[in-house]
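# Coordinate inspection notes
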Amino acid sequence: MALPQKKSVILPLSEERRRFQRVRVNLLGRYMLADRREFPCQVANMSPGGMALVAPVAGQAGERVIAYVDHLGRLEGVIARQFENGFAMTIAATMRKRDKLAAQLTWLANRHILGLPEDRRHGRITPRNPAGRLILANGVNIAVRVIDISESGAAVSTDQRPEIGSPVTIGKTPGRVVRHLEEGIAIEFTRMQHSDFLEDNVTGG
């Protein structure tokens, strides 16, 4: 009986077992399948040899995929396996590129950029006036209630469910949808906001 063949695609270097450990992340991006269809995605965990994507369409095992990930750029590989709500893919890269990815992941982790807007280094406040306006990617402008805000993001109560990764504007502040909440959405701002102007920029004061 033939034993399943172990392919050393994700971790081709023996030392990668320790150097390239998988890191839990929350990075947004887009990916393109072999048929050139593109979809938004969220990287849940990764190493320089592979990553797991929360994605609306999983594709087929072995299918070529190209992903564009915030902070990391273009990453190419093949779908290794499917799971509920997404898939895992290998990352085809030279040793030099993998070392660079390892350094980027370390940099991100050390600066606590991962996991926004759950990153609590920026204290969240409940706005004095929670009434806000949310502009969706298609230009629709809706009234919402702002649950809380920080310098890096906001939680908004709304019955709308824009796609993860889609651009939105809350008040005067542009951002992206990073998570669906029970009563609305979580938004990560495109740029860090100054605390002195936070409420004015998000809710109008």
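Description of the structure in this document. Remember, predicted model here, so these are calculated numbers, not experimental data.

## Digging into the packing of aromatic side chains
All told, the structure shown has 2 aromatic pairs when counted by the stated rule. Here the aromatic rings of Tyr31 and Phe87 are separated by 5.3 Å at their centres, their planes lie at 70 degrees, and the arrangement is edge-to-face. Within this pair, whereas Tyr31 is found in strand 1 (residues 23-32), its partner Phe87 is found in strand 6 (residues 86-90), the two being separated by 56 residues in sequence. For Tyr31, a relative accessible area of 1% puts it in the buried group.

## What to know about unusual backbone geometry
Backbone geometry places Arg36, a non-glycine residue, at a positive phi of 75 degrees. Looking at the element boundaries, Arg36 is found in the loop between strand 1 and strand 2 (38-47). Look at Asn85: it is not a glycine, yet its phi comes out positive at around 75 degrees.

## Thoughts on the environment of Arg176
With respect to the helices, strands and loops of the structure, Arg176 is situated in strand 11 (residues 173-180). By relative accessible area, which is 32% here, Arg176 ends up partly exposed. Sequence-distant contacts of Arg176, defined by excluding residues within four places in its chain, comprise Leu28, Asp70, Gly165, Ser166, Pro167, Val168, Ala186, Ile187 and Glu188.

## So, the side chain of Ser166
Locating Ser166 in the fold gives a position in the loop between strand 9 (153-157) and strand 10 (167-170). Here Ser166 falls in the buried class, since its relative accessible area comes to 14%. Among the polar contacts made by the side chain of Ser166, one reaches the main-chain carbonyl oxygen of Glu163 at a distance of 2.6 Å. When sequence neighbours within four positions are dropped, the list of residues in contact with Ser166 reads Gly175, Arg176 and Val177.

What counts and what doesn't
Residues numbered from 1 in each chain as written. Predicted model: local features only at pLDDT ≥ 70, side-chain atom pairs only at ≥ 80, totals over all residues. Heavy atoms only, no water. Phe/Tyr/Trp six-rings, centres within 6.5 Å; stacked < 30°, edge-to-face > 60°. Helix = DSSP H or I, 4+ residues; strand = E, 2+ residues; numbered from the N terminus. Buried < 20%, exposed > 50% of the residue type's maximum accessible area, 1.4 Å probe, protein only. Contact = heavy atoms within 4.5 Å. Polar contact = N/O pair within 3.5 Å; in protein donor to acceptor, adjacent residues only side chain to side chain.

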